[in-house]
Every structure is written in structure tokens, then in C-alpha cells.
Amino acid sequence: MREEYDYTVNSMDENSEVNGMNNMNNMNNGYNGFSADGGSPKKNKKHTGAKIVASLMAMALVSTGSIGIYRQFENKNTAGTTVVETAEASAVENAADTVAKKAKAENVSIIKPEETNSGALTTEEAVEKVLPSVVGIESSFTMTTQNNGGNFFNFGGFGGFDFGQSQQPQTQTATATGTGVVITEDGYIVTNAHVIYDSEYGAGLADSISVLLNGEDNYDAEVIGYDTDCDLAVLKIKAKGLTAAEFGDSDELKLGESVIAIGNPLGFELMDTVTSGIVSGINRQISINDKSMTLLQTDAAINSGNSGGPLINKYGQVIGINSSKMSASYSETSIEGIGFAIPSNETAKIVDDIMEYGYVTGKPQLGISCQDVTETISKMYNLPIGVYITAVTDDSAADKAGLQSGDIIIKVDGEDITNYEELKAKKNEHKAGESLELTYVRSGNEDTVTVTLDEAVAEKQ
């Protein structure tokens with residue numbers, strides 16, 4: 001079906017139109033530009049929670065392992081809003097030489113309860129079994145802030161207005177602390193991606209990452225690979241003879257089963273904190289920064305710094321990687337004991353992919369760069385609300401289907417979408433090789449096309 005739209009762009013060419021949309025979005029706090037898709041141990045110095053030496057405001061959005069990054073930004077949560085806290089997820093990314101090296105570490109193996117050499121352990125025995133595999137992780141980030149004496153607005157191609165004197169961007173260093181789990185004797189470690197990568201404020205991959213063993217030995221860490229959609233990362237340190245954690249079968253978990261969390265809440269001053277609880281929920285579909293994840297729920301205390309640490313069962317096996325918690329922001333609502341972990345079976349698959357290929361296989365990709373057409377932009381330029389394609393990658397799924405720069409995607413599989421996150425969520429319901437139907441508007445005309453999705457591969461750092 002084709003439907004007519006009568007719209008103009010006020011005599012702006014394609015580039016001017018995109019720039020105009022860009023800046024109008026910026027003014028309304030709605031900009032979203034998207035791409036389609038160690039050494040010898042050193043004795044540890046005294047560590048504290050992550051700090052920036054300056055006059056700063058504490059960041060209210062603290063994912064359970066990020067951290068204690070304190071940043072010079074204002075929290076934007078509205079009163080009464082309940083949020084699940086972690087850093088924003090983004091595209092598949094990995095270290096530069098991962099694929100070439102084809103890491104030869106052993107894959108993570110899932111051991112079912114009946115395959116263990118012993119029966120259920122006491123809490124003390126379970127902790128004693130896993131504790132040697134738990135490490136501290138410290139990441140150093142460079143944060144860039146724009147400290148303007150005024151505001152400058154540029155309406156794509158029409159010039160701008162400068163209210164006050166603009167100043168140069170300023171850079172500061174911030175450190176973040178989290179937790180990790182040793183998965184091989186020769187130094188491979190799993191943690192959360194948001195412990196080593198910040199996408200919420202654009203800091204990106206940490207400038208340096210160190211791993212603290214036994215509370216005293218510090219190793220420089222290499223990033224083998226990470227995936228911010230799955231919120232998992234694999235690190236490598238130059239060490240031998242480590243104690244690898246045993247991974248249990250998360251599919252065997254029962255509601256009410258006892259579990260234990262181990263981690264480094266609020267930094268290394270409280271390293272190896274042990275909390276206990278039960279499995280409060282299984283296969284929870286939780287939305288984190290508009291991204292859906294299937295997670296375990298527990299009432300074991302999980303706090304900032306616990307991210308990447310193990311959630312273990314009564315056999316002393318890792319059955320989840322602690323990643324997030326529910327919290328209430330600027331409201332009188334009190335939320336306690338709602339934490340989440342990435343199931344061990346999912347973790348094992350993702351880690352194995354990262355270690356073998358350098359990225360998570362089977363993830364779908366359209367091959368476009370795009371940005372949102374918000375309600376404000378829609379009214380100003382008489383455009384349909386949806387996702388504006390700014391570029392199409394050559395020979396990508398979108399290119400093969402005939403999509404072009406300037407098209408505005410308004411529906412996926414027959415359902416309306418209003419922004420990129422909705423488009424991504426719909427895309428991620430499919431696997432690479434599967435097809436979806438996109439409805440788009442081009443030059444005022446509505447049309448529909450079927451797209452066979454490519455597999456997303458890692459971008460080199």
C-alpha cells in the first residue's frame with residue numbers, strides 16, 4: 001500500500017535537513033545519532049571509591065558496578081520515575097586484535113548439579129570455594145565536558161546565534177570500580193561491559209584497566225572483547241595458576257532457591273563483601289535504557305561496585321553475573337532487594353563467542369545510520385514521526401533491500417515506531433538471516449519493503 005505525504009523541507013537540501021534536525025533535537029534534549037549497527041604484579045596502593053578531584057555533583061545514575069564514577073553532569077530523572085540502573089547499551093565492539101589472536105583459552109563449561117563431586121555446601125563452604133576466583137576491577141576514563149559561558153544554536157545552514165562566550169572543552173579523569181570472575185587458570189576474566197565502557201556520557205572504552213587479585217596484587221588488563229547490548233566483557237591478565245570459577249546451570253534454578261552474591265560495593269575498601277538471599281524471579285524481561293534483557297532476580301544485596309561479580313548457588317557454582325538493581329529516583333517510594341543478574345547459561349555462550357570470534361555471533365544488523373524524527377521536528381518540517389536514515393552502508397541488508405538516505409522508517413512488521421530504540425528492539429526480536437518488514441516514507445510516498453538481516457560483526461578499536 002502506498003500513501004501520499006505532502007511535505008517540504010523549507011528549501012533545505014538533504015545535508016541541511018539532517019543538520020537542522022540535529023540541532024533542533026539538541027535544543028530539545030532529544031538528540032540521538034546512531035550507527036547501524038598486563039605484566040608482573042604490583043603491590044596495590046590504597047584504593048577509594050571513584051572520584052574526580054574537582055567540585056562535582058555525584059551522579060545519581062550508578063549502575064551496580066559503574067561505580068562510583070562521579071561526573072560533572074546533572075541527573076535528568078523525573079520525580080517518581082522508577083529506573084533500572086546500568087550504563088546505556090550500544091553496538092557490538094571489541095579489542096583491536098581479538099579475532100586475529102583467536103584466544104586459545106578453554107571455553108566456559110556449564111556443570112549440572114548432579115555432575116558435581118560433592119553435594120550441597122554450607123554457606124561458608126560455598127563462599128570459600130568461589131572467593132579465590134573473585135577479583136576487583138578498576139577502570140580509568142577520560143571525561144570531556146563543555147563548559148560554556150553561553151549557548152550557541154546553529155540551525156543547519158542558516159547560521160547561528162551566540163549568547164555569551166563559548167569556552168574550550170575540559171577533560172577530567174574518573175575511575176570506576178567493579179568486580180570480575182576468573183574463568184580460566186591463565187588469566188581470563190568476565191565482568192560487565194559497563195564496568196569498562198561508558199556510553200552514557202560518551203567516555204567510551206576505559207583508557208586503562210587494572211585487576212586486583214587477593215586484595216594486594218595489581219595487574220594491567222587487556223580487553224579481549226565486550227558487548228554492551230549483552231553487558232558482558234572478557235579481560236585478560238598475564239598470570240598463571242589462578243583459580244577458575246565453576247559455572248552452574250542457570251536453567252536448573254528454582255524460585256526460592258538460596259543464592260549468594262560476592263563483590264566490591266562502593267570500591268575496594270569493602271572488597272569481597274558477601275550477601276545472601278534467594279532467587280526471586282526467573283526469566284525476568286527487564287528494560288534497561290530501552291533495551292530488553294532476560295535476567296535472574298534476587299533479593300541478595302547488590303550495590304554499586306558489585307557489577308560483574310558472581311551470584312552463586314549452594315554448590316559454590318556461578319549461576320549469574322550481577323549487573324543491575326531497581327531503584328527509585330527523587331521520590332518517596334522505597335525499593336529494596338530487587339537486584340538482577342545475567343544467567344550463567346547466557347553468560348557462557350556470550351563469553352565463548354567473544355573469546356573465539358571477538359564478538360557475539362548471530363546478532364542482527366540493518367546497516368544504517370539514523371536519527372529520530374521527534375514530534376518537534378515533525379511539526380517544524382512537516383515530516384512523519386519515525387527514524388530518519390542518514391546513511392546506508394554499501395552492500396548491507398538495508399542497501400540490498402533498496403533503502404536510501406533520507407527515507408523515514410515509520411513501521412516495523414506492521415507496528416508503528418517513533419524512535420531508534422523502538423526500531424532496535426523490533427530488530428533484536430529477530431536473528432541474523434531472518435527477515436522483517438519495514439514501512440518507510442520517501443519523497444512523500446509510503447512504501448513497504450522486506451529486509452533480510454545481516455549478522456553484526458565487531459568493529460575494530
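Go over the overall build of the chain with me, naming the residues and quoting the values.
A tally of helices and strands in the chain yields eight helices and 31 strands. The buried share of the chain, reckoned over its 461 residues, is 51%. In the structure as shown, the chain presents an accessible area of about 21,000 Å², 45% of it carried by carbon and sulfur atoms.

Run through the environment of Asn345, naming residues and quoting values.
With respect to the helices and strands, Asn345 occurs in helix 5 (residues 344-357). What makes Asn345 partly exposed here is its relative accessible area of 22%. For Asn345 and Gly320, which are 25 residues apart along the polypeptide, the C-alpha to C-alpha distance reads 8.3 Å. If we skip the residues at most four places from it in the chain, Asn345 touches Ile110, Gly248, Asp249, Ser250 and Asp251. Of note is the side chain of Asn345, whose polar atom sits 2.9 Å from the side chain of Asp249.

Go over the pairing of strand 15 (residues 222-227) with me, naming the residues and quoting the values.
Strand 15 sits mainly inside the fold: five of its six residues count as buried. With five bridges connecting them, strand 15 and strand 16 (residues 232-236) associate as antiparallel partners. Bridging from a neighbouring strand, Val223 pairs with Leu235 of strand 16. Two successive antiparallel strands, strand 15 and strand 16, enclose a turn made up of four residues, where Asp231 displays a positive phi of approximately 60 degrees.

So what's going on with the pattern of salt bridges? Residues and values would help.
Tallied over the entire structure, the rule returns eight salt bridges. We note a salt bridge from Lys363 to Asp227, for which the minimum N-O separation is 2.8 Å. Of this pair, Lys363 sits in the loop between helix 5 and strand 24 (364-365) while Asp227 sits in strand 15; the two residues are 136 residues apart in sequence, bridging distant segments of the chain. Each member of the pair, Lys363 together with Asp227, is buried. Close ionic contact of Asp407 with Arg442 constitutes a salt bridge, the shortest N to O distance being 2.8 Å. Within this pair, whereas Asp407 is found in the loop between helix 7 (397-401) and strand 27 (408-412), its partner Arg442 is found in strand 29 (residues 435-442), the two being separated by 35 residues in sequence. Ionic contacts of the salt-bridge type, sharing partners, join the residues Asp227, Asp229 and Lys363 into one network.

Please set out the packing of aromatic side chains residue by residue, giving values where relevant.
As enumerated under the stated definition, the model contains two aromatic pairs in all. Ring centres of Tyr197 and Tyr226 lie 5.2 Å apart, and the angle between their planes is 35 degrees; on these two criteria the pair is classed as tilted. Taken together, the residues span a long stretch of sequence, with Tyr197 in strand 11 (residues 197-198) and Tyr226 in strand 15 at a distance of 29 residues. Judged by its relative accessible area of 12%, Tyr197 falls in the buried class. A relative accessible area of 1% means that Tyr226 is categorised as buried. With a centroid separation of 6.4 Å and 50 degrees between ring planes, the pair formed by Tyr357 and Tyr359 is classed as tilted. Given the relative accessible area of 13%, Tyr359 is considered buried.

Conventions we followed
- Residues numbered from 1 in each chain as written.
- Predicted model: local features only at pLDDT ≥ 70, side-chain atom pairs only at ≥ 80, totals over all residues.
- Heavy atoms only, no water.
- Helix = DSSP H or I, 4+ residues; strand = E, 2+ residues; numbered from the N terminus.
- Buried < 20%, exposed > 50% of the residue type's maximum accessible area, 1.4 Å probe, protein only.
- Areas by Shrake-Rupley, 256 points an atom, 1.4 Å probe, with all protein chains shown as cover.
- Contact = heavy atoms within 4.5 Å.
- Polar contact = N/O pair within 3.5 Å; in protein donor to acceptor, adjacent residues only side chain to side chain.
- Pairing = 2+ DSSP bridges.
- Salt bridge = Lys/Arg side-chain N within 4 Å of Asp/Glu carboxyl O.
- Phe/Tyr/Trp six-rings, centres within 6.5 Å; stacked < 30°, edge-to-face > 60°.

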